[in-house]
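# Chain and residue survey
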Amino acid sequence: ILTISFSQDTTHVSWTGTPGELEAAITGPGVYSLDAGRVYLTLDHIPVEYGAIHIVGVDPGDEHPATIQPALNWEALLVHTNNELFTLIGDDAELVLKGLILNGTPSDYESNMSNLHAFASARGARNKIVVDDCVVDGVGHLAFFTMGTQTDFHFTNSVAKAFTNGPNGMFYGGLFWGGGSWMGTIDTLVVQNNTISGVIGEALVIYEHVDYGLVDHNTFANINMGVVWYRGQNNLTVKNNLFYNTKSYGQSTYDINNWGVWQPGGHGQMSIMPSYEDPYEMEQDGQFVDMDNRNIKYHNNVWYHDHYMIDYMQTGPWSWTDEEDEYGQT
């Protein structure tokens, strides 16, 4: 039985252990508090269709913070819509997550299963996603991304770690993707006071442009590609960050001629390269961006490779063999 108690401003969702109780409790805009030391199992995503939904974990004290985690259905399948926890659908919808653990691994995980593709995506106009004082762990590909227009994204005082995409998706992963091209557009991007580690892909992909972007006082550790995708960015300031074992993928024999991950002669930890786009690129929200006159500032950042990383980088290029399965796929 689902039990919900009400205060003046907050709906408290008490935990019973029944999968699906969280999405049943969230019936519309409002503030929802979750109990510390509990794991709220979801059977489907939670749509944010209008207004603002705030989900806040109560002070955990000596317990772990309230956790949101996907569960398998009665057929032992992960069937979350869009393969994510939250989907912002309506224009001007807002999602705030504070004091939580977001776990992308299904509760009854088996070795042949995939984790959630994402924790939240923005798909309307002027959506806002705020993540503060959270741990996001074990997402399959993109922790957060936008397919909408004029999205705001704030990720602060948090940890993102242990991305799980594998060899077939080793460049399709990251904390946040968007900013034009085939994805949605961004008004404001703030990534501040976080630790972001174990990313298989770029930590941040900004394809073309943000109106305002700040990446400040973060530790980026064990990122197999770059901290920021090297061909995007506009109106972005990256400062006071530690880059530890970033671009740790090395170089394979496929990169230059097949995938274009690295370039002949290589490029540095914080290098910026010309965009693929035309000098004036029209974004989905109607803005014109001069991609030959971008505003990008990097300062007070430090990068470091430990001796294990240095030893690995001094080995020759690595390779693998493509094999076809029974369906003719490589």
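The following refers to the structure shown. (Residues numbered from 1 in each chain as written. Predicted model: local features only at pLDDT ≥ 70, side-chain atom pairs only at ≥ 80, totals over all residues. Heavy atoms only, no water.)

### Quick look at the pairing of strand E9 (residues 94-98)
- Sheet analysis places strand E6 (residues 52-57) next to E9, joined by 5 bridges and oriented parallel. If you follow Ile55 over to E9, its bridge partner there is Leu97.
- Summarising the sheet, E9 and strand E12 (residues 128-132) pair through 5 bridges and their orientation is parallel. Within E12, the position partnered with Leu97 by the bridge is Val131. (Pairing = 2+ DSSP bridges. Helix = DSSP H or I, 4+ residues; strand = E, 2+ residues; numbered from the N terminus.)

### Here we look at the nonpolar core
- With 55 residues, the main nonpolar core has Phe144 and Leu175 as its most contacted residues.
- In contact with Phe144, not counting residues within four places along its chain, are Leu102, Phe119, Ala120, Ile129, Val131, Val136, Phe153, Phe155, Leu175, Phe176 and Trp177.
- Formed by 10 residues, the second largest nonpolar core is a distinct cluster that contains Ala118, Phe145, Met183 and Met273. (Core = buried A, V, L, I, M, F, W, Y, C linked by side-chain atoms within 4.5 Å. Buried < 20%, exposed > 50% of the residue type's maximum accessible area, 1.4 Å probe, protein only. Contact = heavy atoms within 4.5 Å.)

### Observations regarding the sheet that holds strand E19 (residues 195-199)
- In space, the 9 strands of this open sheet follow the order E4-E7-E10-E13-E16-E19-E22-E24-E28, with parallel pairing throughout. With one partner strand each, in any of the chains shown, strand E4 (39-42) and strand E28 (302-304) form the two edges of the open sheet. Taken over all neighbouring pairs, the strand axes of this sheet differ in orientation by 10° on average, direction set aside.
- Pairing between strand E13 (residues 135-137) and strand E16 (residues 159-161): 3 bridges, direction parallel. (Axes fitted to C-alpha atoms, helices over the stretch in contact; angles between N-to-C directions.)

### Considerations on a nonpolar patch on the surface
- On the surface, Leu242, Val302 and Tyr304 cluster together into a nonpolar patch covering about 260 Å² of accessible area.
- Along the chain, Tyr304 turns up in strand E28. (Patch = residues over 30% accessible without salt bridge, like charges linked within 9 Å, V, L, I, M, F, W, Y side chains within 5 Å. Areas by Shrake-Rupley, 256 points an atom, 1.4 Å probe, with all protein chains shown as cover. Salt bridge = Lys/Arg side-chain N within 4 Å of Asp/Glu carboxyl O.)

### What about the sheet that holds strand E17 (residues 174-178)?
- Taken together, 6 strands build an open sheet; the order of strands is E5-E8-E11-E14-E17-E20 and the sheet is parallel. Of all strands in the sheet, those bounded by a partner on one side alone are strand E5 (46-48) and strand E20 (204-206). Neighbour to neighbour, the strand axes of the sheet diverge by 10° on average, direction disregarded.
- Taken together, the 4 bridges between strand E8 (residues 84-88) and strand E11 (residues 118-122) define a ladder with parallel strand orientation. Within the sheet, the bridge partner assigned to Phe86 lies in E11 and is Ala120.

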